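# Structural features, examined
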Amino acid sequence: MKQFFFLAALLLHSTVVGAADLGTNEPHPFEQPSTAYLQKFAKPGEKTFVYERYDASGRLFQRDVIQLTKPVEITSATERVVNGVTYRLRGLVACPKPKITYKAEQWDCTKAVQDYDDAVYNTRASVVLCKTLVLKTKPGLPDAVSCFVLVGAGNANDPYSVSYDDDSMVFFDMAAIGRNKDGKSLRPDLEHALDLGKQFQTDAN
């Protein structure tokens, strides 16, 4: 029964987050990109990393497009190492609980994250897009980012979809939404994922 709930949650989450028509076709600092937007950066036989910086007014300030030369390292629920550079998912707290229910079993939270995201980034991805409001990287501090991954083969059996890493971490209880000193959410855009994920976590227990 628990396996059923996990698969149902995964299917629903993929449907909601990965739907192409939910994304934007234009550069945007916060909104999920469409599959068409990410496909513009895809190259046959390669994996591509796209890094976008936006200014305070929401305009695209800089875009770098480079080849992914090595697998993305998943060091925690909120940190990704891409081509040797560490990035941190913005406004999230890694693994609020040391153990979570994953694949109908109790898993160490970090290992569950690594299992899930390794499949997304390193098995199914063709394009990884991370975007930030940080205009210049500070030495020793990872940029705060949101990351989106184009997954699928682009055919009828495995159509393209967009995996939203931030949303997935919250949905599967792998990361918690951070709060400021007044208790306000640092990621109000992910509150829906939190509420939806709680329903499946409750049903699975």
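Bear in mind that the values here come from a model prediction, so they are computed numbers and not experimental data.

This part takes up the state of the cysteines. One pass over the structure, following the stated rule, counts two disulfides. Note that Cys 130 is cross-linked by a disulfide to Cys 147, the S-S spacing being 2.1 Å. Between Cys 130 and Cys 147 the sulfur-sulfur dihedral comes to about 105°; the bridge is accordingly right-handed. A residue pair is termed long-range when its members are at least 10 positions apart, and Cys 130 in strand S9 (residues 125-132) and Cys 147 in strand S10 (residues 143-151) qualify at 17 residues. By relative accessible area, which is 1% here, Cys 130 ends up buried. Accessibility expressed as a relative area gives 1% for Cys 147, which makes it buried. With its bonded cysteines labelled in order along the sequence, the chain shows the pairing 1-2, 3-4.

Turning to the pairing of strand S5 (residues 85-89), a few remarks are in order. Here strand S4 (residues 79-82) runs beside S5; their pairing, made up of four bridges, is antiparallel. The residue bridging Val 82 from the neighbouring strand is Val 85, located in S5. A loop of two residues connects S4 with S5, the two strands running antiparallel in sequence, and Asn 83 in this loop sits at a positive phi of about 50°.

What counts, and where the lines are drawn
Within each chain, residues carry numbers counting from 1 in the order of the written sequence. In view of the model being predicted, local features appear only for residues whose pLDDT reaches at least 70, and side-chain atom pairs are presented and counted only at 80 or more, with totals across whole chains, interfaces and linings using the full set of residues. With hydrogens and water stripped out, all remaining heavy atoms of the structure feed into the side-chain values. The disulfide criterion is simple: two cysteine sulfur atoms within 2.5 Å. Each helix is a run of H or I in the DSSP string that is no shorter than four residues. Each strand is a run of E no shorter than two, and both are numbered from the N terminus. Residue exposure (1.4 Å probe, protein chains only): buried if accessible area is under 20% of the type maximum, exposed if over 50%, otherwise partly exposed. Any two strands with at least two DSSP bridges between them are considered paired.

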